[in-house]
Each structure stands twice: as structure tokens, then as C-alpha cells.
Amino acid sequence: MDDQAKALISGVIASLDCSRDLLRTVLVEDYIPYEDIIASLPTNGSPDQKYMVARKWTRWPTMGPERRTGITIHHTCSHSPLGTARYCSLPVRAGGKGYPSIQYHFWVSAADNCPIFLCAPVEWGIWHDNTGAYQETIAVGMAGQLHLSRPPDEQIGTAVRLIVWLMQEYDIPLENVRGHRDRWRNRSGQPLTKCPGWDHTSWRNDFFNLLNTGVIG
Ligand SMILES: [Zn+2]
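Residues numbered from 1 in each chain as written. Predicted model: local features only at pLDDT ≥ 70, side-chain atom pairs only at ≥ 80, totals over all residues.

A few points about the overall build of the protein
Quick note on the threshold: Helix and strand definitions follow DSSP, with helices as H or I runs of at least four residues and strands as E runs of at least two, each counted in order from the N terminus. Residues are scored as being in contact if the C-beta atoms we place from backbone atoms lie within 7 Å.
Counting its secondary structure elements, the protein contains seven helices and six strands. For the protein, the sequential pattern of α-helices and β-strands runs α-α-β-α-β-α-β-β-β-α-β-α-α. If you take every contact in the protein between residues at least 6 apart in sequence, the share linking residues at least 24 apart comes to 72%.

A look at helix H5 (residues 153-170)
The line we're drawing: A helix is expected to span 1.5 Å multiplied by its residue count minus one. Put simply, a residue is buried when 20 or more other C-beta atoms lie within 10 Å of its own C-beta and exposed when 12 or fewer do; between those, it is partly exposed, and each C-beta is set from the backbone.
With 18 residues, H5 should reach 26 Å at 1.5 Å per residue; the first-to-last C-alpha distance of 25 Å fits that figure. Counted residue by residue, H5 has 13 buried out of 18 residues, so it is predominantly covered. Of the residues trailing H5, Asp 171 is marked for its positive phi of about 55°.

Regarding unusual backbone geometry
Of note, the bond from Cys 195 into Pro 196 is cis; its omega dihedral lies within 30 degrees of zero at 5°. Tracing the backbone through its elements, the reader meets Pro 196 in the loop between helix H6 (180-183) and helix H7 (204-213). Of note, Asn 113 is a non-glycine position whose phi angle comes to about 70°, a positive value. Mapped onto the elements, Asn 113 comes out in the loop between strand E3 (106-108) and strand E4 (116-118). Phi angles above zero are rare outside glycine, and Asp 171 is one such case at about 55°.

Focus on the nonpolar core
Applied cut-off: By definition, a nonpolar core groups buried Ala, Val, Leu, Ile, Met, Phe, Trp, Tyr and Cys residues that are joined through C-beta atoms within 7 Å.
In this structure, Val 108, Val 140, Leu 162 and Ile 163 are the most contacted members of the largest nonpolar core, which totals 41 residues. Looking at this core, the elements with two or more residues in it are strand E2 (70-75), helix H4 (81-89), E3, E4, strand E5 (137-142), H5 and H7. No other element matches H5, which puts nine residues into this core. The residues touching Ile 163, leaving out its near neighbours within four places in the chain, are Ile 71, Val 140, Val 177 and Leu 211.

Focus: the pairing of E2
Note the threshold: Strands pair, by our definition, only if DSSP identifies at least two bridges between them.
Burial of E2 is extensive: five of the six residues sit out of reach of the surface. With six bridges joining them, E2 and E5 adopt parallel strand pairing. The residue of E5 that forms the bridge with Gly 70 is Thr 137.

Examining the environment of Gln 135
Following the sequence through the fold, Gln 135 ends up in the loop between E4 and E5. Sequence separation between Gln 135 and Thr 69 is 66 residues; the distance between their C-alpha atoms is 9.4 Å.

A closer look at the pairing of E5
When you tally the buried positions in E5, you get six out of six residues, the bulk of the element. Bridge count for E3 against E5 is three bridges, and the pairing is parallel. Bridging from a neighbouring strand, Val 108 pairs with Met 142 of E5.

Remarks on the sheet that holds strand E6 (residues 177-179)
The condition that has to hold: Every axis corresponds to a line fitted to the C-alpha atoms, with the helix fit spanning only the stretch in contact, and the corresponding angles, defined between N-to-C directions, vary from 0 to 180 degrees.
The strand order E1-E4-E3-E5-E2-E6 describes an open sheet built from six strands, whose pairing is mixed. Edge strands, defined here as strands with exactly one partner in the open sheet, are strand E1 (34-36) and E6. The sheet shows a mean angle of 25° between the axes of neighbouring strands, direction not considered. Pairing geometry for E1 and E4, over three bridges, is parallel. The residue bridging Glu 35 from the neighbouring strand is Phe 117, located in E4. The sheet contacts of H5 involve E2, E3, E4, E5 and E6, and relative to E5 the element is tilted by about 165°.

By themselves, these observations are geometric and do not establish any function.
Here is the structure:
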């Protein structure tokens, strides 16, 4: 992160007060509609996804906040956390992905007021790039097929507010906030996915400009 970006981000956080509790209140629990829906989503105690089976894992590894080094932005291709959780946790042999749970920690809805849903404990080291790589990043899923249509401004703004809060809460630098397609590439350097779609519907710059300048109100 360059010095200018650092100064801007620290300015945002300072202007919001440096208390984490206050930030949580202002950014997530009060100002942003926020709901923990973990208990309402299905999980699978016998995941049969091939990398899980190879490691003999029946659940995600867990990790403390000190291991959280980044945030990865995804698009969910869906508007239903429940539907996505069902598909992710359904066994491969039944046509699902065979994971222990949904693959996003946070879900930013595109519905009215763009509520945020906590879908999985942040302690869970969810695989969310489909490569089976060890994951130290927090997965933020933005609802929709965002490679086909640009997210509403309000959804971008809500995602940015959430990310500013996560950066503060987990001490994550701006340079480690990346899109799925930017984080993992094949041997030729090509992205493995269109996710989160921002290069296809031209909202990458808007997203990072908002994050950089802290225009979050
Ligand atoms: Zn993704």
C-alpha cells in the first residue's frame, strides 16, 4: 500500500473513532443491517469433496484472528444464502460441492438496504477458491452474477463499509484486499475465474476508489 492510501485509510478510521467497539456499532450492528444466520444454514459433517477426502478432514480447520491476513471479494452468483449453503454442503455424489458448509463468511445482499449476513464463523478456514489451497483470507460474497451486471451502488457501499471494519478488526492492510480472480492465477498468470466480475462489468475502480478514499457514508 502506498503512503497516500495508508494516510487515507487511517484518516477514515480516525474520523470514525479508533474504538473497535464503536466501529462495530457504527459500521456493522447499527448503521448497517446485520444478521448472524449461521444457525439457519445447513452444514455437512461428512464432506466428500476430493481435497477434503484426501486430507481426511470432516470440517474446516480453524484459525485465530492473528492468522487472518487478507480479505477476498467474491460474487455469489445467487441471491439466496440458504440455496448456496445447500449446494455447497450437499455431497458431491448428490450433485453438490461436498464441502462442510457455505464458502463465504459474509454475504452482502443486493436486496433493499443491502443487509449483510454472517454465514460462517470467521474462525473457519473455509476454502473459497476451489483449489484446496490453505486459506488465510476472509471470504466476502457479494450477491449476484456480477460479471453480467454491475452491483448497485448501495451494495458496493455496504461491502466497502464491511471491509473497512474487517480491516480494522483483523489488522488487514489494504493491499491484501483483493478479488478472487486477482489472488489466484494459473501457471501462465491468467485468472482462474471471472469472480467477482468487476473486470467484466467495470466496477473494480469504483470499488477501490471508494475503499481508498473512505467515502463510506
Ligand atoms: Zn469467487
